[in-house]
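# Remarks on the overall topology
Residue-level listing of the chains:
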Number of protein chains: 2
Amino acid sequence: MVLDTMSSDNPETRERILKAAWRLLEKSQGRGVRMTDIAKRAGITRQALYLHFSTRAELLIATTHYIDEVRGSDERLAPSRSAQTGTERLDAFITAWGTYIPEIYGMAKALIAMSDTDDAAAKAWGQRMEDMREGCEAAIRALNSDNMLSSTYSPDQATDILWTLLAVRNWEQLTITCGWSQEKYIETVKSLARGAFVIENVS
Amino acid sequence: MVLDTMSSDNPETRERILKAAWRLLEKSQGRGVRMTDIAKRAGITRQALYLHFSTRAELLIATTHYIDEVRGSDERLAPSRSAQTGTERLDAFITAWGTYIPEIYGMAKALIAMSDTDDAAAKAWGQRMEDMREGCEAAIRALNSDNMLSSTYSPDQATDILWTLLAVRNWEQLTITCGWSQEKYIETVKSLARGAFVIENVS
DNA sequence: CTGTCAATTGACACAGTGTCAAGTAATAAA
DNA sequence: TTTATTACTTGACACTGTGTCAATTGACAG
């Protein structure tokens with residue numbers, strides 16, 4: 001009888017690695033994190049990493065899933081989905097995503113950097129952005145259903161713009177480079193989006 | 001008497017290298033261009049590159065200056081500077097910069113990618129972005145002088161937003177990823193900027 | 001004919017990723 | 001007690017790309 005106290009492909013170690021990667025990526029804002037560093041922090045050798053993840057890209061991608069799971073990226077979207085009006089939904093989505101960015105920033109930076117050379121990384125990050133785009137699309141669609149979408153842009157175009165506005169790079173530039181607070185960032189993006197997409201209430 | 005047909009630190013070769021780098025960077029959109037490739041295209045050996053540029057970062061930076069020179073990046077700003085009204089200046093600046101981006105995109109991508117690891121590259125790209133920011137600032141200031149700057153944002157804040165809006169990454173996302181035409185990109189950015197910064201003309 | 005200068009050739013150091021083979025320590029099963 | 005299995009270690013090595021160095025070549029100039 002096998003009472004696997006330490007079952008095949010040890011999940012404890014795997015999680016220790018993911019935690020280590022996450023920690024290091026956030027601490028260094030995604031720059032200069034080597035396999036060696038992650039291994040050291042996880043308390044194993046560099047080679048042992050490859051018993052769990054076959055490439056650096058795979059480890060990075062697994063880290064994103066781990067963060068999503070721990071941080072509950074899905075539940076964050078609940079307020080957005082249950083919003084009554086299109087405007088509320090837009091606001092809620094911007095808040096949800098805008099609040100999530102700083103939590104994944106290090107990992108995102110590393111994955112984006114890898115995307116330049118590694119196809120798997122590019123595909124994984126592209127998929128995540130595609131997922132995020134659906135949130136943008138849903139918000140714009142809600143606005144459109146309320147007949148509140150400005151005629152300046154088509155729904156597709158508005159989705160593209162909102163999607164671009166919410167890019168990690170823009171968050172990075174405004175908060176890190178320009179020194180904005182997180183609150184100011186969120187408020188400004190909301191104000192920009194509202195100004196661009198929501199029909200003025202002329203009283 | 002030395003009639004230097006081939007003066008010290010041969011400028012012909014230097015230029016051939018810069019042209020080769022430029023060509024390759026644009027062709028491959030800044031990805032995967034190695035010193036070997038540039039040397040080959042310039043018709044010299046990889047090692048000979050180092051007789052002209054001491055590092056890859058230095059070569060990339062020199063390439064940006066070369067492009068600026070050939071493409072006359074300065075003259076492009078003339079219409080912006082001579083604009084009569086703030087709104088015109090804003091439009092002219094967006095057109096100038098927005099038209100310039102596709103010409104430097106490959107090089108910009110490569111330099112941004114290097115910035116993750118190389119401090120010299122980061123500094124050089126940061127400087128270019130700082131220069132561009134001055135154009136944003138001037139446009140916003142012109143708007144403010146005309147009393148046409150919306151009270152929603154302070155001049156500093158408006159500058160930060162315009163600067164972010166005009167980032168290369170946003171151009172990349174809208175044109176390359178979303179498939180927008182260059183014209184649509186320019187028009188949309190103009191419309192977004194006008195909507196965000198220019199006071200409505202209530203008649 | 002001699003010096004200079006750009007460029008070549010071939011070698012090597014270094015960092016980081018990924019691979020492989022042999023060994024170890026713990027745990028489980030016969 | 002012996003035997004297998006599993007997770008991990010150790011040490012070595014291949015590969016890529018950057019950057020360096022020493023010795024050599026070929027051209028041109030005085």
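Residues numbered from 1 in each chain as written. Chains lettered and ligands numbered in written order. Predicted model: local features only at pLDDT ≥ 70, side-chain atom pairs only at ≥ 80, totals over all residues. Heavy atoms only, no water.

Looking now at the overall build of chain A. From N to C terminus, chain A includes 10 helices and zero strands. Ordering the α and β elements of chain A from the N terminus gives α-α-α-α-α-α-α-α-α-α. When the backbone C-alpha atoms are referred to their principal axes, chain A occupies close to 75 × 45 × 30 Å. Relative to its full complement of 203 residues, chain A shows a buried share of 51%. When the accessible surface of chain A is split by element, carbon and sulfur atoms take 50% of a total near 10,300 Å². (Helix = DSSP H or I, 4+ residues; strand = E, 2+ residues; numbered from the N terminus. Buried < 20%, exposed > 50% of the residue type's maximum accessible area, 1.4 Å probe, protein only. Areas by Shrake-Rupley, 256 points an atom, 1.4 Å probe, with all protein chains shown as cover.)

Least-squares fitting of chain A to chain B yields an RMSD of 0.0 Å, with the superposition described by an axial translation of 0.0 Å and a rotation of 180 degrees. Viewed as a symmetry operation, the transformation between the two copies matches a two-fold axis. Here 100% of the contact residues of chain A are again contact residues in chain B; the copies associate through an equivalent surface. (Least-squares fit on C-alpha atoms with pLDDT ≥ 70 in both. Contact = heavy atoms within 4.5 Å.)

Here we take up the domain arrangement of chain A. Residues and elements named next belong to chain A. Domain annotation for chain A reports domain 1 (11-69) and domain 2 (78-197). Computed from C-alpha coordinates alone, the two centres of domain 1 and domain 2 are separated by 27 Å. A combined buried area of about 1,200 Å² lies between domain 1 and domain 2, and 64% of that area is made up of carbon and sulfur atoms. Of all residues in domain 1, E26, Q29 and T64 bury the most surface against domain 2, accounting for 33% of the area lost on that side. (Domains from an automatic or database assignment. Buried area = accessible area lost by both parts, 1.4 Å probe.)

Below, the discussion takes up the pattern of salt bridges. A complete count under the given rule lists 24 salt bridges over all chains for this structure. A:R141 is the salt-bridge partner of A:E137, the closest N and O atoms lying 3.5 Å from each other. On the criterion of helical spacing, the pair formed by A:E137 and A:R141 is a turn pair, its members being four residues apart in helix 7 (residues 119-145). Overall, the relative accessible area of 29% leaves A:E137 in the partly exposed class. For the salt bridge of B:R34 with B:D37, the shortest nitrogen-to-oxygen distance reads 2.9 Å. Connected through shared salt-bridge partners, A:K109, A:R169, A:E172 and B:D116 make up one network. (Salt bridge = Lys/Arg side-chain N within 4 Å of Asp/Glu carboxyl O.)

Turning our attention to the side chain of A:R128. With respect to the secondary-structure elements, A:R128 resides in helix 7. Aside from chain neighbours lying at most four places away, what touches A:R128 is A:T64, A:H65 and A:D68.

Taken together, the contact between chain A and chain B spans 26 residues of the former and 26 residues of the latter. Carbon and sulfur atoms make up 54% of the surface buried where chain A meets chain B, a total of about 2,300 Å² over both sides. The interface formed by chain A and chain B holds two salt bridges in total. With its nearest N and O atoms 3.8 Å apart, the salt bridge here joins A:D116 to B:K109. For the interface between chain A and chain B, the tally reads 10 residue pairs in polar contact (both at pLDDT 80 or more). Elements that contribute at least two residues to the side of chain A that touches chain B include exactly helix 6 (86-115), helix 8 (155-165), helix 9 (168-177) and helix 10 (182-197) of chain A. Here the side of chain A that touches chain B gets six residues from one element, more than from any other, and that element is helix 8 of chain A. (Polar contact = N/O pair within 3.5 Å; in protein donor to acceptor, adjacent residues only side chain to side chain.)

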